[in-house]
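Coordinate analysis (summary)
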Number of protein chains: 2
Amino acid sequence: MWRRELAVSAPGKVILHGEHAVVLGKVALAVALDLRTFLRLRPGAEGRLSVSLPGVGVRRSWDTPGLRALRGRIAGKARGKEALPRGTEGLSCLNSPLLASIAGDDESKSPSVEQLDALREFAGIAAGASAPESLATLAFLYMCLAISAKYGDVPSVEIVVWSELPTGAGLGSSAAYAVCLAAALLMVCGAISCPLQEGESTARWTEEELTLINSWAFRGERVIHGNPSGVDNAVGTWGRWSPEIPSRKNHTVKEFPAIMNPVLDSIDAISQECQSVLEAMPANPSPEHYPVLEEFFDINQHHLNVLGVGHPSLDRLCQVTASHSLHSKLTGAGGGGCGITLLPPDTSPLAVEAAKQDLCACGFECWETKIGAPGVTLHSCSSLSAQVLHALAQS
Amino acid sequence: MWRRELAVSAPGKVILHGEHAVVLGKVALAVALDLRTFLRLRPGAEGRLSVSLPGVGVRRSWDTPGLRALRGRIAGKARGKEALPRGTEGLSCLNSPLLASIAGDDESKSPSVEQLDALREFAGIAAGASAPESLATLAFLYMCLAISAKYGDVPSVEIVVWSELPTGAGLGSSAAYAVCLAAALLMVCGAISCPLQEGESTARWTEEELTLINSWAFRGERVIHGNPSGVDNAVGTWGRWSPEIPSRKNHTVKEFPAIMNPVLDSIDAISQECQSVLEAMPANPSPEHYPVLEEFFDINQHHLNVLGVGHPSLDRLCQVTASHSLHSKLTGAGGGGCGITLLPPDTSPLAVEAAKQDLCACGFECWETKIGAPGVTLHSCSSLSAQVLHALAQS
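Worth saying up front: this structure is predicted, and the values here are computed from it rather than measured.

What counts, and at which threshold
- Residues numbered from 1 in each chain as written.
- Chains lettered and ligands numbered in written order.
- Predicted model: local features only at pLDDT ≥ 70, side-chain atom pairs only at ≥ 80, totals over all residues.
- Heavy atoms only, no water.
- Axes fitted to C-alpha atoms, helices over the stretch in contact; angles between N-to-C directions.
- Helix = DSSP H or I, 4+ residues; strand = E, 2+ residues; numbered from the N terminus.
- Parallel < 35°, antiparallel > 145°, perpendicular 65-115°, else oblique.
- Contact = heavy atoms within 4.5 Å.
- Nonpolar A, V, L, I, M, F, W, Y, C, P; charged D, E, K, R; others polar.
- Pairing = 2+ DSSP bridges.
- Domains from an automatic or database assignment.
- Buried area = accessible area lost by both parts, 1.4 Å probe.
- Salt bridge = Lys/Arg side-chain N within 4 Å of Asp/Glu carboxyl O.
- Polar contact = N/O pair within 3.5 Å; in protein donor to acceptor, adjacent residues only side chain to side chain.
- UniProt positions renumbered as here; feature names shortened; annotations may be inferred.
- Least-squares fit on C-alpha atoms with pLDDT ≥ 70 in both.
- Phe/Tyr/Trp six-rings, centres within 6.5 Å; stacked < 30°, edge-to-face > 60°.
- Buried < 20%, exposed > 50% of the residue type's maximum accessible area, 1.4 Å probe, protein only.
- Lys NZ or Arg CZ within 6 Å of the ring centre and 35° of its normal.

The next thing to look at is the packing of helix H1 (residues 64-75) of chain B against helix H4 (residues 132-151) of chain B. Residue and element names in this part refer to chain B. For the pair H1 and H4, interaxial distance at closest approach is 10 Å and the crossing angle is 80°. Relative to H4, H1 is oriented roughly perpendicular. Listed contacts from H4 to Leu67, Leu70, Arg71 and Ile74 of H1 are Leu141, Leu145, Ser148 and Ala149. Class assignment for the residues of the contact of H1 with H4 results in six nonpolar, one polar and one charged.

In structure tokens, the structure reads:
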């Protein structure tokens, strides 16, 4: 039985370069974002498993015998029709060690349509429900039952998850959720160690353990997203920036390939050059490292408009920040959504504040953060900030 | 002695795609613009040669014996130091029949520094004077003396040249001037025919004659521009659009070639695709031919911004016209200068007027015109429009 109170956190991600191009067979450069999802793990009443997601209003509790029985019922449904698109074909040829565990994943372990139907029925979730709270509950149940079936018993624990990340902005909030859940459930079931020694504030897992966390996080992501690329959970697990990002050739540039393919080549080169620049930058880079990063932002923003994933609101965002001598580009899916603005270290706090005010006046929400954050991390609860502790206590 | 009163006209040009890329070794797609330069040719008083350029305030007249003597004096200066950069190296490898005459040009026929100095001294033009009126007078004298030295005597004629084209906007006004001068002077000296039959309004020259006109126009352009590409005089001579445009590798993409070279490849492909679309379009294209041309404009405008030749005023132009559902891009040198906006045939005159008003309110000047105009043309004076006749009569 689990006896300690601990916390797990995982970062969101932001794609610096290569969004959209990644689905056309190119690499993308994703970096960890220092906006994190936090999971608090506590021993629960014997025979109870509970999960609270204060951000989306979920508060559920089940008795473990009922979950064990559910697990038995759905075990026979694993060979049914696959619920989710395969989606990992492109991954198997990747040379990135980062993704070996995904590539080697046995696809028969994906939840079947029948399994997910049974989980929905158990949790009282309507078929086709796609609200974050429904998908988050479904992913929790799936991961809890699948991990406990493989590594141990259904645990009697209380889990609370809260995130600094906005949802639906392409910042990897669902992956950070799945990474935290995978780490906590694998640890509780004894599949990975509890690396935090008495008196330590934080600890991380071994490379082998991280690979296992990432693999299970990817399965959770598949419950939520159907056909995720595997980028978000990899960044959530390993943090910093991804050395190489998986690509899947989902689409082809049908119209005018002679015009469009070179644009993808240029985006690809930007991702690679940017990675070289980031790798060459010291831990505390000075302002002179930034003009080239700004130029990459500007060029890529034009390219994304060429690819048709721009949006007038993103043009507006770029104009507003340009009027403060700051450089922006869209990030994520495009077509609205989210933009990123680079803040060189010599940007005055007043200038940042002024840019934020102008952006807010145009209806944008702003988060000021850092990139290159650490991946999934185990924390002693006492080392968490008051804000995080307060948020987790609201469950 | 020349006995007829005639007019010659030549169109300006606009680069649809490939400006800037052309100096980096790619093709550009230049099309004739239906804004024309008009030259009126009249018999002059015996022994007098005069030229008037009412648009730039030039009104000069010389006695032909004096010009003959000048011609004799400068003939010996032809072997001096070359006044102008060679500039035609890249042309000699072109397979375009259009430019064969330029490629085959004997470079020793370029005016020498001493010749141009003598012409300046004769005309009272200060060394280094670069105002349009100085360069236009110098080009006139050079072309007149060089053509008459090769093909006949210094003619006793009155020449007036007036243009619908704005100067300095990258729209080929100096080339249209040189083409008109070359055609008129070659005709007066008997080097080419006078193809206009009695009772006809307009006539054009044979392909062989056009080649000669183009070759001399290029020399006149070299007096004005030093190192012109040959594009403008070719379009002014042949009209419509240039099947292939000369390229000269003046610069290289030094920084980030892996990022920038694909952008040039894409621009190159746009030029070629656009040419295919234009060639496939009927004489009176219907609206459905235009979306692809609009898309090419949008993509290329982004590319030009990537290459760093954009300008906030051109972004503004694109925004203003986009608010009227019209698509624009910069044309010519960029960095300010001139933009073009596509007007599909189903654009209502009211919409055009509204866009023009908004542009004027932002400080832009607008010219509404057509592309694909005929090249250098001989006119009976009676067939010219009242506006053109009036402008030519102001000399």
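With that settled, the discussion passes to the environment of Ser286(B). Inspection of the secondary structure puts Ser286(B) in the loop between helix H8 (257-280) and helix H9 (290-306). In this structure, the C-alpha to C-alpha distance between Ser286(B) and Leu314(B), residues 28 residues apart in sequence, is 28 Å.

The pairing of strands in a sheet comes from backbone hydrogen bonds and takes either a parallel or an antiparallel form. All names here are of chain B. Ordered by their spatial adjacency, seven strands build an open sheet running S4-S3-S5-S2-S1-S9-S6, and the pairing between neighbours is mixed. Two strands bound the open sheet, and with one partner strand each, they are strand S4 (58-63) and strand S6 (202-203). Note: strand S1 (residues 6-17) against strand S9 (residues 377-380), four bridges, orientation antiparallel. The residue of S9 that forms the bridge with Ser9 is Thr377. Helix H5 (residues 173-188) rests against S1, strand S2 (29-43), strand S3 (48-53), strand S5 (157-163) and S9 of the sheet, and its axis sits at about 45° to S2.

Residue and element names in this part refer to chain A. Segmenting chain A into domains produces domain 1 (6-77 + 98-245 + 373-394) and domain 2 (281-362). The C-alpha-based centres of domain 1 and domain 2 are spaced at 30 Å. Counting residues at the interface gives nine residues for domain 1 and 12 residues for domain 2. Between domain 1 and domain 2, a total of about 880 Å² is buried, with carbon and sulfur atoms accounting for 64% of that surface. Among the residues domain 1 hides against domain 2, the three largest losses belong to His17, Glu19 and His20. Together they make up 56% of the total. Inspection of the region where domain 1 meets domain 2 yields zero salt bridges. For the pair domain 1 and domain 2, the number of links is three residue pairs in polar contact (both at pLDDT 80 or more).

Next up on the list: the UniProt feature "domain: GHMP kinase N-terminal" (unreviewed entry) in chain A. Here the UniProt feature "domain: GHMP kinase N-terminal" (unreviewed entry) sits at residues 144-234 of chain A. The span residues 144-234 of chain A is 52% helical and 10% strand by assignment, and the distance between its end C-alpha atoms comes to 20 Å.

With that out of the way, let us pick up the relation of the copies chain A and chain B. The relation between the two chain copies is a rotation about an axis coupled with a shift along that axis. Each copy superposes on the other: chain A lies on chain B with an RMSD of 0.1 Å after a rotation of 179° and an axial shift of 0.1 Å. Accordingly, the operation relating the two chain copies is best matched by a two-fold axis.

What follows covers the sheet that holds strand S6 (residues 202-203) of chain A. Residues and elements named next belong to chain A. Strand order across the open sheet formed by seven strands is S4-S3-S5-S2-S1-S9-S6, with mixed pairing between neighbours. Pairing within the sheet leaves two strands with one partner each, and these edge strands are strand S4 (58-63) and S6. Pairing of strand S2 (residues 29-43) with strand S5 (residues 157-163) involves seven bridges; the strand directions are antiparallel. Its bridge partner being in S5, Thr37 is matched across the sheet by Ser163.

Here we take up the packing of aromatic side chains. Per the counting criterion, the structure on display carries eight aromatic pairs over all chains. Ring centres of Phe296(A) and Phe256(B) lie 5.0 Å apart, and the angle between their planes is 65°; on these two criteria the pair is classed as edge-to-face. With Phe296(A) in helix H9 (residues 290-306) and Phe256(B) in the loop between helix H7 (231-238) and H8, the pair connects residues from two separate chains. Of the residues examined, Phe296(A) reaches a relative accessible area of 0% and is grouped as buried. The ring of Trp216(A) carries the charged tip of Arg219(A) above its face, separated from the ring centre by 3.9 Å.

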